[in-house]
Amino acid sequence: MKLHKESKGTIIVASIAFALISFLAIRFLEEWSLLIIIPLLVIYGLVFWFFRVPNRTILDHKENVIAPVDGKVVMIKEVEENEFLNGKAIQVSIFMSPLNVHICRYPVSGKVVYKKYHPGKYLVAWHEKSSTENERTTVAVETFTHHKVVFRQIAGYVARAYCFLLQ
């Protein structure tokens, strides 16, 4: 399994902090040092877990829509999409917990015809207004079958800077 290229700085800082705190715990707490090192090791492991990039086999999806992220589908409903389509659309909302792989992939193959960044707040993901008030990026793709698919990457409170958009 690989780690995301953007994780290098975070992992270096986490490694230095882990080594330094472990050294100080062993040096000054002696037999009690494991009370510090074990929880620290769990946190250190979660840093690697967060930045993992598992190998995925994504089959050709010229006519299908794939899930762009790992997570839990929390809502499917018809909505009025007013930013690009200016009409009715089916919204599929996927919640990503901090334990999910935080990589976003394009859900369809095709040509990007629209992209816009929206600065905003960092409300918790379950807040009713998070999809309209949080920082987000909107992307529209015209598929090879001439359908338009709009998707939004919405930053939540916890993982606001760690969802990476890959082609």
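Each chain has its residues counted from 1, running along the sequence as written. Local features in this predicted model are restricted to residues whose pLDDT is 70 or higher, and side-chain atom pairs enter the listing and the counts only when it is 80 or higher, whereas totals over whole chains, interfaces and linings include all residues. Only hydrogens and water are removed before side-chain values are computed, so all heavy atoms of the structure are retained for them.

Observations concerning the nonpolar core
Buried residues of nine kinds, namely Ala, Val, Leu, Ile, Met, Phe, Trp, Tyr and Cys, make up a nonpolar core once their side-chain atoms join them within 4.5 Å. Throughout, exposure labels follow a simple rule: accessible area from a 1.4 Å probe, protein chains only, divided by the maximum for the residue type, with under 20% read as buried, over 50% as exposed, and the rest as partly exposed. Of all hydrophobic cores here, the largest spans 10 residues; its members are Ile 11, Ala 14, Phe 18, Ala 25, Ile 37, Leu 40, Tyr 44, Val 47, Phe 50 and Phe 51. The set of elements that each furnish at least two residues to this core consists of α1 (8-29) and α2 (34-50). Broken down by element, the residue count for this core peaks at 5 residues, all from α2. Grouped together as the second largest cluster of nonpolar side chains are 6 residues, Val 139, Val 141, Val 149 and Phe 151 included. Per the convention used, a helix needs a DSSP run of H or I reaching at least four residues, while a strand needs a run of E reaching at least two, with both numbered from the N terminus.

Overview of the pairing of strand β3 (residues 72-81)
Whether two strands pair depends on DSSP finding at least two bridges between them. Examined bridge by bridge, β3 and strand β4 (residues 87-95) share 9 bridges and lie antiparallel to one another. Bridging from a neighbouring strand, Glu 81 pairs with Gly 87 of β4. Once β3 ends, the chain turns through 5 residues before running back antiparallel as β4, passing Asn 86 with a positive phi of about 55°.

Remarks on the pattern of salt bridges
Salt bridges are identified by distance alone: a Lys or Arg side-chain nitrogen within 4 Å of an Asp or Glu carboxyl oxygen. For the structure shown, the criterion picks out 5 salt bridges. Between Asp 70 and Arg 56 there is a salt bridge, and its shortest N-O distance comes to 2.8 Å. You can see Asp 70 sitting in the loop between β2 (52-53) and β3 and its partner Arg 56 sitting in the loop between β2 and β3, a full 14 residues away along the chain. Looking at Asp 70, the relative accessible area reads 22%, which means it is partly exposed. Residue classification places Arg 56 among the partly exposed residues on the basis of a relative accessible area of 40%. Between Glu 83 and Arg 152 there is a salt bridge, with its nearest N and O atoms 3.2 Å apart. Placement of Glu 83 in the loop between β3 and β4 and of Arg 152 in strand β8 (residues 148-154) is noted, with a sequence separation of 69 residues between them. Assessed through its relative accessible area of 35%, Arg 152 is described here as partly exposed. Counted as one network, the salt bridges with shared partners bring together Glu 81, Glu 83 and Arg 152.

A few points about the UniProt feature "transmembrane region" (unreviewed entry) in the chain
UniProt positions are given in the numbering used here, feature names are shortened, and annotations may be inferred rather than shown by experiment. What UniProt calls "transmembrane region" (unreviewed entry) maps, in this numbering, to residues 9-26 and 32-51. Secondary structure content for residues 9-26 is 100% helix and 0% strand, and the end C-alpha separation is 26 Å. From the first C-alpha to the last, residues 32-51 spans 31 Å; its make-up is 85% helix and 0% strand.

Concerning the sheet that holds β8
Taking strand neighbours across the sheet as the criterion, the 3 strands line up as β6-β7-β8 in an open arrangement whose pairing is antiparallel. Of all strands in the sheet, those bounded by a partner on one side alone are β6 (110-118) and β8. Mean inter-strand twist for the sheet, computed between neighbouring axes without regard to direction, equals 15°. Note: strand β7 (residues 136-143) against β8, 7 bridges, orientation antiparallel. Looking across to β8, one finds that Val 141 is bridged to Val 149. Each axis is a line fitted through C-alpha atoms, taken for helices only over the stretch in contact, and angles between the N-to-C directions span 0 to 180 degrees.

Examining a nonpolar patch on the surface
Patch membership requires more than 30% relative accessible area and the absence of a salt bridge. Residues of like charge join within 9 Å; the nonpolar side chains Val, Leu, Ile, Met, Phe, Trp and Tyr join within 5 Å. For every accessible area listed, the method is Shrake-Rupley and the probe measures 1.4 Å; residues are considered covered only by the protein chains on display. Residues Leu 20, Ile 21, Phe 23, Leu 24, Phe 28, Leu 29, Trp 32, Leu 35 and Ile 36 make up a contiguous nonpolar surface patch of roughly 940 Å² in combined accessible area. Looking at the nonpolar patch, the elements that each hand over two or more residues are α1 and α2. In this fold, Phe 28 is placed in helix α1.

Here we look at α1
Expected helix span is taken as 1.5 Å per residue step, with the number of steps being one fewer than the number of residues. Compared with an ideal rise of 1.5 Å per residue, which puts 22 residues at 32 Å, α1 spans 31 Å between its outermost C-alpha atoms and is within 8% of the ideal. For this analysis, residues touch if any pair of their heavy atoms sits within 4.5 Å. Residues of α1 that are buried sit in contact with β1 (2-3) and α2.

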